[in-house]
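# Residue-level structure breakdown
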Amino acid sequence: MSIKEIVCIGAGYVGGPTMSVIAEKCPHINVTVVDLNEDRIKAWQTDDLPIYEPELLDVVKVARGRNLFFSTEIEKNIAKADVVFVSVNTPTKTFGKGAGVAANLEFIGKCARSIRKYAKRDLIVVEKSTLPVRTAEALEKILHSGESDYHFEVLSNPEFLAEGTAINDLQNPDRVLIGGRENETGQKAIADLVEIYSNWVSPEKILTTNTWSSELSKLVANAFLAQRVSSINSISALCEKTEADITEVSKAISMDSRIGAKFLNASVGFGGSCFKKDILNLVYICRHYGLNEVADYWDQVVIMNDYQQTRFVDKIIATMFNTVSDKKITALGFAFKANTGDTRESPAIIIVKQLVEERARVYVSDPKALKQAKHDLDGLDVVLEEDPYEACKGADAVCILTEWQAYKDLDYKKIYANMNKPAFIFDGRNIINPQELYEIGFNVYPIGKAALER
Ligand code: NAI
């Protein structure tokens, strides 16, 4: 089959950018992204896109109206599709069995039911969302239950993009992973999907596997990445006790080619919508199969991440003479990482909430995430101020929570001059030069290295 019509259900951080790049690279294929959320779809139709991602608007503008469309008409679009990507959210379950650990597959299940109901021909259903291993089996059962006359071939094609670099990751992926059934229809569907990616990805980077390897690989990739962050963060705690310097340790180990350099920056911990939920999901699956030792091993990655956030707040309180009550503390950064407006699971949420609980007067600044921060901190007495200099005026302490380039380039002399003294700076991302700030007059507390205090 030559694919002419692609439909993607879910116009979020993955569906939007992924389909924009497919449309950009495949002008001969129509790509329609559908979503129940009308506001989101409307925003995709304007130049004020619903998500912030560098270079995204340029790509959207190339294809939108040509072969890239955004719509709330799910029925009509499924009816004309050759391939349906499912890219809906798969959050951690908050209720019932598996609450707090298992993935909530409600939205995925609803998509399968819509596809079965509205399809007008055989089609390929692609799992783009991150899903527990063996979800495709459940999808196949839903899709083929009841009265539909059509054949639905389910493929797994997990997405490895990172927010903040999504467009580059999609245009130049390390690899594209496609899993499917080992029978004739499965292999045929895999070939069709390979053909789409072949428009811009070289063959050696397109990896095909069985369905279960593909589904599991996505969970494992996120677990390994998060595990590196927790590993280096665990060592940062030890550095603070021993006068070892985490940046030096990190460099020393990263020059070992077996270890490599990426994901070894100590910080206030990882955030984002995926790492925590995917590890918890992995843990849940392991327990389901009775693999408790394996589950405990991965669980520790999340425990270490929570510890790193609490440790950061404890340090602020202990340093500021055991009370932050009525002290002004400014958080520089609220997004879970630089170059995104996404705050899902951002360490800043926990840190700000804990500081508010200690009755600090908290100010939050961020170049892209304040709209979201307003939502996350709803009901809390927190001031949001985009201008970092204004936000730091009269502060007793500044905490750097997101590694925005703009925060590396700030005029810290000016900030210091307008702060209460003694002035404290807690660098939760290790982006400033501690010695330089100490010389300005700050008491400086990086992660995983000696404090510089007077
Ligand atoms: P998101 O929450 O930004 O977007 C999901 C969209 O799906 C929402 O706009 C929602 O309205 C829509 N939706 C839900 N149910 C629907 C239905 N029945 N019909 C139509 N639309 C529906 O989520 P995001 O971040 O795009 O993630 C999607 C999936 O991709 C998740 O499984 C996630 O784990 C995975 N993923 C996310 C990455 C990221 O960086 N955010 C990276 C790689 C994978």
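Residues numbered from 1 in each chain as written. Predicted model: local features only at pLDDT ≥ 70, side-chain atom pairs only at ≥ 80, totals over all residues.

### Overview of the overall build of the protein
When helices and strands are tallied, the protein shows 18 helices and 14 strands. Here the C-alpha atoms of the protein give a radius of gyration of 24 Å, agreeing with the 22 Å that 2.2 N^0.38 yields for 454 residues. Each of the 454 residues in the protein was classed as buried or not, and the buried ones make up 47%. Sequence separation of 24 or more characterises 73% of the internal contacts of the protein that already satisfy a separation of 6 or more. (Helix = DSSP H or I, 4+ residues; strand = E, 2+ residues; numbered from the N terminus. Rg over C-alpha atoms; globule rule 2.2 N^0.38 Å. Buried ≥ 20, exposed ≤ 12 C-beta atoms within 10 Å, placed from the backbone. Contact = placed C-beta atoms within 7 Å.)

### Topic: the pairing of strand E5 (residues 123-127)
Within E5, 5 of the 5 residues are buried, which leaves the element mostly enclosed by the surrounding structure. Both faces of E5 are covered, namely the face carrying Leu123, Val125 and Glu127 and the face carrying Ile124 and Val126. Relative to E5, strand E4 (residues 83-86) is paired through 4 bridges, and the arrangement is parallel. Across the sheet, Val86 pairs through a bridge with Glu127, a residue of E5. Tracing the backbone out of E4, into helix H5 (residues 106-118) and back to the parallel element E5 gives a crossover that is right-handed. (Pairing = 2+ DSSP bridges. Right-handed = clockwise from strand over helix to strand, strands pointing away.)

### A word on the nonpolar core
Residues Val84, Val86, Ile115, Val125, Val126 and Ile279 are the most contacted members of the largest nonpolar core, which totals 80 residues. With 7 residues, helix H11 (residues 275-288) is the single largest residue contributor to this core. Residues lining this core come from more than one domain, with at least three contributed by each of domain 1 (5-201) and domain 2 (210-454). (Core = buried A, V, L, I, M, F, W, Y, C linked by C-beta atoms within 7 Å. Domains from an automatic or database assignment.)

### Digging into the packing of H5 against helix H6 (residues 135-143)
One way to put it is that H5 packs onto H6 with a least axis distance of 9 Å and a crossing angle of 35°. Crossing handedness for the pair H5 and H6: right-handed. The residues of H6 that touch H5, namely those facing Ile108, Gly109, Ala112, Arg113, Ile115 and Arg116, are Thr135, Leu139, Ile142 and Leu143. Of the residues assigned to the contact of H5 with H6, the class counts are 6 nonpolar, 2 polar and 2 charged. (Axes fitted to C-alpha atoms, helices over the stretch in contact; angles between N-to-C directions. Left-handed = near helix turned anticlockwise from the far one by under 90°. Nonpolar A, V, L, I, M, F, W, Y, C, P; charged D, E, K, R; others polar.)

### Focus on the domain arrangement of the protein
Domain boundaries assigned for the protein yield domain 1 (5-201) and domain 2 (210-454). A separation of 32 Å is found between the C-alpha centroids of domain 1 and domain 2. For the side of domain 1 that touches domain 2, the secondary-structure elements that each account for two or more residues are H6 and strand E7 (176-180). Tallying contributions element by element places E7 first for the side of domain 1 that touches domain 2, with 4 residues. For the side of domain 1 that touches domain 2, the per-class residue count stands at 16 nonpolar, 8 polar and 5 charged.

### Remarks on the site of the ligand
Residues in close proximity to the ligand total 25 residues, the closest being Gly10, Gly12, Tyr13, Val14 and Ser129. Of the residues forming the shell around the ligand, the biggest block, 3 residues, is contributed by H5. Per-class residue counts for the shell around the ligand are 10 nonpolar, 10 polar and 5 charged. (Near = placed C-beta within 6 Å.)

### Description of the sheet that holds strand E12 (residues 397-400)
If you walk across this open sheet you meet the 6 strands as E11-E10-E9-E12-E13-E14, and the pairing is parallel. Every interior strand has two partners, whereas the edge strands, strand E11 (382-384) and strand E14 (443-446), have only one. Averaged over neighbouring strand pairs, the angle between their axes works out to 20° when direction is ignored. Helix H12 (residues 292-319) contacts E12, strand E13 (424-427) and E14 of the sheet and is inclined by roughly 165° relative to E13.

### With respect to the pairing of E7
Two faces belong to every sheet, and in a regular strand the side chains alternate between them. Most of E7 is tucked away: 5 of the 5 residues are buried. Residues Val176, Ile178 and Gly180 line one face of E7 and the alternating positions Leu177 and Gly179 line the opposite face, and both faces are buried. Examined bridge by bridge, E7 and strand E8 (residues 206-210) share 5 bridges and lie parallel to one another. Residue Ile178 lies in a different strand from E8, and its bridge partner there is Thr208. After leaving E7, the chain enters helix H8 (residues 184-197) and then returns to the sheet as E8, a path that is right-handed.

### Describing the confidence of the model for the protein
In the predicted model, the protein carries a mean pLDDT of 97, and the fraction of residues at 70 or more is 100%. Two summary scores accompany this predicted model of the complex, namely pTM at 0.96 and ipTM at 0.99. (pLDDT = per-residue confidence, 0-100.)

### A few points about the UniProt feature "domain: UDP-glucose/GDP-mannose dehydrogenase C-terminal" (unreviewed entry) in the protein
According to UniProt, the feature "domain: UDP-glucose/GDP-mannose dehydrogenase C-terminal" (unreviewed entry) maps to residues 330-434 in the numbering used here. End-to-end, the C-alpha atoms of residues 330-434 are 18 Å apart, and along that stretch the chain is 32% helix and 18% strand. (UniProt positions renumbered as here; feature names shortened; annotations may be inferred.)

### Remarks on the environment of Gly394
For Gly394, the position within the fold is in the loop between helix H15 (388-392) and E12. Spatially, the C-alpha atoms of Gly394 and Tyr416 are 9.3 Å apart, while their sequence positions differ by 22 residues. Leaving out residues up to four positions away in the same chain, Gly394 has contacts with Lys328, Asn418, Met419 and Asn420.

### Details of helix H3 (residues 56-63)
Where H3 is concerned, the buried positions are Val59, Val60 and Ala63. Relative to the axis of H3, the buried residues are bounded by an arc of 100° and lie together on one face. Summarising the contacts, the buried residues of H3 are in contact with helix H1 (15-25), strand E3 (68-71) and helix H7 (166-171). (Arc of directions from axis to C-beta.)

### Remarks on the environment of Pro91
Structurally, Pro91 can be placed in the loop between E4 and H5. Classification of Pro91 as partly exposed rests on a count of 14 C-beta atoms within 10 Å. Not counting chain neighbours up to four residues away, the residues in contact with Pro91 comprise Asn104 and Lys277.

### Comments concerning H8
Here H8 spans 20 Å end to end across 14 residues, near enough to the 20 Å set by a 1.5 Å rise per residue. Looking only at H8, the buried set comprises Ala189, Ile190, Leu193 and Ile196. The buried residues of H8 occupy an angular sector of 115° when projected down its axis, which confines them to one face. Looking at the buried positions of H8, the neighbouring elements they touch are H1, E5, strand E6 (152-156), E7 and E8. (Expected span 1.5 Å × (residues − 1).)

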